[in-house]
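Results of the structural survey
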Amino acid sequence: MESTLKALRDGESVLDLSPRSTVSGGVEDIYGEDRATEDQLVTPWIFSVASGYSLLRDPQYNKGLSFTEKERDAHYLRGLLPPTVSTQQLQEKKLMNSIRQYQVPLQKYVAMMDLQERNERLFYKLLIDNVEELLPVVYTPTVGEACQKYGSIFRRPQGLYISLKEKGKILEVLKNWPERSIQVIVVTDGERILGLGDLGCQGMGIPVGKLALYTALGGVRPSACLPITIDVGTNNEKLLNDEFYIGLRQRRATGQEYYDLMHEFMTAVKQNYGEKVLVQFEDFANHNAFELLAKYGTTHLVFNDDIQGTASVVLAGVVAALKLIGGTLPEHTFLFLGAGEAGTGIAELIALEMSKQTKAPIEESRKKIWLVDSKGLIVSSRKNSLQHFKKPWAHEHEPVNSLLEAVKVIKPTVLIGSSGVGRTFTKEVVEAMTSNNDKPLILALSNPTSQSECTAEEAYQWSEGRAIFASGSPFDPVEYKGKVYASGQANNAYIFPGFGLGLVISGAIRVHDDMLLAASESLAKQVSEENYKNGLIYPPFSNIRRISANIAANVAAKAYELGLATRLPRPQNLVKCAESCMYTPVYRNYR
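Keep in mind the model is a prediction, meaning the values are calculated, not measured.

**Overview of the overall build of the protein chain**
- From N to C terminus, the protein chain includes 25 helices and 14 strands.
- In summary, the protein chain has a C-alpha radius of gyration of 24 Å against a globular reference of 25 Å for 591 residues, a match within 12%.
- A principal-axis box enclosing the C-alpha atoms of the protein chain has dimensions of 80 × 60 × 60 Å.
- Out of the 591 residues belonging to the protein chain, those deemed buried represent 61%.

If you want it as structure tokens, here you go:
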């Protein structure tokens, strides 16, 4: 991936730390709350000590009925709450019972967002303790529907909206955010939300959801997370004509106007929050995603989850699947449906790992990987008409027009879908994969569920139970001929929370491909024999915090090895360091 991006940067690497690209900055935790242990008393500071009615309305400190008698006296809460004092566990039980009553996933999403806005710690307690049940609610697939209807369900802002109206004063806008010590920013321009297309300003649901997972799964404290939407308009006619649309009502800005706004934003972020703030690009369209990652990869700590996070989680699944399908990574042949940022990002990281294992040039490893886009197989005769990020995958071959024909002639052992188009892995395609392989590895990665290339049930039935299957959105276990098949979820949530935590604990100032490989390696190692027996190539989400801590340690170790870490001296035990830095949502006692 770095080799592709270096070409766009005229050969400059993320390891070339020139003085022009390094600055100091950022704000320390002046109140010491992050360093306090759970049993230490902390003061609920806002601008003064939060008390009474204002304390109950502050989600960061509100505990609802869990305020003790002593706290109710100390903070002027007498009469503002019913007399019962409840435990956090009882609150959690009550809320989960309430959420389970809803039949419509979007209702559950709204209920969770309401909880986040009134009681932050209880929100994260629910999410951490019930992660497998609630992850599809706050993240894919429900977050896709939430973004489509964001204008209708909008209640109060949960992040920063930076539009073309703010051009020339973005730094001032950043300073309007109440928190100063920001460690992770997730930003979108809403042009390519999941597989749903241009949702403009309503894409804010994605940064909000991602950062909820940064806290719940990776332990980055909520106050250090900042969701941002860059609003440059939308080309979605339906939204432009929707009376409830909350964004700019104009066609999407492009070219120099767009890049000038983004440059002002990136400059202001670094000026306000310093060198070590992670900026995660999310759901940008292909034509901007690669340009932004290439441009700012050498001057900022930037990460594109669609290109790099997806690549890392898929590589981990492929490496883990080798125990089930046999052979080494370089012995397999890969065929992708979809040659956008996700497809080419995954392909490049797989090629990089192959190259690392064989010591062969990456150009040789790429020859084992083939990509199909909307015009058919990417071959050398098409090279002049291809976008720059597709050109490395244009191999010598006769033109092939369809996926089915490509499966028949290329004879891949691994089929990966990142097209954003549902039901493209047809019965004929899966049968062709099965005829070529004893155990075909089929990954249908597109989100949300409606855009998945095939369902788990289709994959198992059409392959007669022989496929090793994983998907981007969750599917229930499938029974076929008396046997139950549980499919894995190739979910970026396995990678980015732990990856981000690793960058934070090491004080990393750049992201390098070797860090992505380190994250993949760590995730693949955490698949147990029991998981393999059930046909799974990913560990269960119930262990996600332990998984994230191990990924964080691996990523941090690589940052220190590459000379990109600034938090010195290096901790002796990085796993323990990661675990000790994780935010815990247990209520604190107030003095």
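**Focus on the UniProt feature "active site" (unreviewed entry) in the protein chain**
- Following the UniProt record, the feature "active site" (unreviewed entry) maps to Y139 and K210 here. Over a stretch of 72 residues, the named residues converge on one spot in the fold, their C-alpha atoms separated by at most 7.3 Å.
- With respect to the helices and strands, the residue Y139 is situated in the loop between α7 (131-138) and α8 (142-148).
- For Y139, a relative accessible area of 7% puts it in the buried group.
- Those residues in contact with Y139 that lie beyond four places of it in its chain are K210, L213, D305, N491, N492, A493 and F496.
- Once residues lying within four places of it in the same chain are set aside, the contact partners of K210 are Y139, V186, Q280, E282, D305, N492 and F496.

**Comments concerning the packing of helix α13 (residues 255-273) against helix α14 (residues 286-296)**
- In the contact formed by α13 and α14, the axes pass within 12 Å of each other and the chain directions differ by 40°. Here α14 runs oblique to α13, going by the angle between their axes. Considering how the two elements wind past one another, α13 and α14 form a crossing that is right-handed. Along the contact surface, α13 presents Y258, Y259, M262, H263 and M266, while α14 presents H287, N288, E291, L292, K295 and Y296.
- Here the contact of α13 with α14 is composed, by residue class, of 6 nonpolar, 3 polar and 2 charged.

**Section: the UniProt feature "binding site: (S)-malate" (unreviewed entry) in the protein chain**
- With numbering matched to this structure, UniProt assigns "binding site: (S)-malate" (unreviewed entry) to R192, N447 and N491.
- Among the structural elements, N447 can be located in the loop between β10 (441-444) and α20 (456-462).
- Residue classification places N447 among the buried positions, given a relative accessible area of 18%.
- Those residues in contact with N447 that lie beyond four places of it in its chain are T140, L194, G195, G472 and S473.

**Examining the pairing of strand β9 (residues 414-417)**
- On β9, burial covers both faces: V414 and I416 on one face and L415 and G417 on the other are all buried.
- Looking at chain direction, strand β6 (residues 334-337) and β9 are connected through 4 bridges and run parallel. From the neighbouring strand, F336 faces β9, where its bridge partner is I416.
- Strand direction decides the pairing type here: β9 and β10, joined by 4 bridges, are parallel.

**So, the environment of H300**
- Along the chain, H300 turns up in the loop between α14 and β5 (301-304).
- Each C-alpha atom of the pair H300 and C201 lies 25 Å from the other, and the pair is 99 residues apart in sequence.
- Not counting residues up to four positions away in its chain, the partners in contact with H300 are M266, T267, K270, I509 and R510.

**A short note on the environment of C454**
- Within the element layout of this structure, C454 appears in the loop between β10 and α20.
- By relative accessible area, C454 is classed as buried at 0%.
- Taking the C-alpha atoms as reference points, C454 and F425, 29 residues apart in sequence, are found 5.5 Å from one another.
- Discounting chain neighbours no more than four positions away, the residues touching C454 are R423, F425, A444, A459, F469 and F475.

**Some remarks on helix α15 (residues 305-325)**
- Of all 21 residues that make up α15, 19 are buried, and the element is covered over most of its length.
- Capping the start of α15, N304 holds a side-chain oxygen 2.9 Å from the backbone nitrogen of D306, two or three residues further along.

**Notes on unusual backbone geometry**
- With an omega dihedral of 5°, the bond running from T140 to P141 counts as a cis peptide bond.
- Secondary-structure assignment places P141 in the loop between α7 and α8.
- Here the residue pair N447 and P448 is connected by a cis peptide bond, since its omega of -10° sits within 30 degrees of zero.
- Among the secondary structure elements, P448 is positioned in the loop between β10 and α20.
- A positive phi angle is found at Y76, which is not glycine, with a value near 55°.
- The residue Y76 is located in the loop between α3 (69-74) and α4 (88-100) in this model.
- The residue E464 is not glycine, and still its phi comes out positive at about 55°.
- Along the chain, E464 turns up in the loop between α20 and β11 (468-471).

Thresholds, definitions, all that
Residues numbered from 1 in each chain as written. Predicted model: local features only at pLDDT ≥ 70, side-chain atom pairs only at ≥ 80, totals over all residues. Heavy atoms only, no water. Helix = DSSP H or I, 4+ residues; strand = E, 2+ residues; numbered from the N terminus. Rg over C-alpha atoms; globule rule 2.2 N^0.38 Å. Buried < 20%, exposed > 50% of the residue type's maximum accessible area, 1.4 Å probe, protein only. UniProt positions renumbered as here; feature names shortened; annotations may be inferred. Contact = heavy atoms within 4.5 Å. Axes fitted to C-alpha atoms, helices over the stretch in contact; angles between N-to-C directions. Parallel < 35°, antiparallel > 145°, perpendicular 65-115°, else oblique. Left-handed = near helix turned anticlockwise from the far one by under 90°. Nonpolar A, V, L, I, M, F, W, Y, C, P; charged D, E, K, R; others polar. Pairing = 2+ DSSP bridges. Polar contact = N/O pair within 3.5 Å; in protein donor to acceptor, adjacent residues only side chain to side chain.

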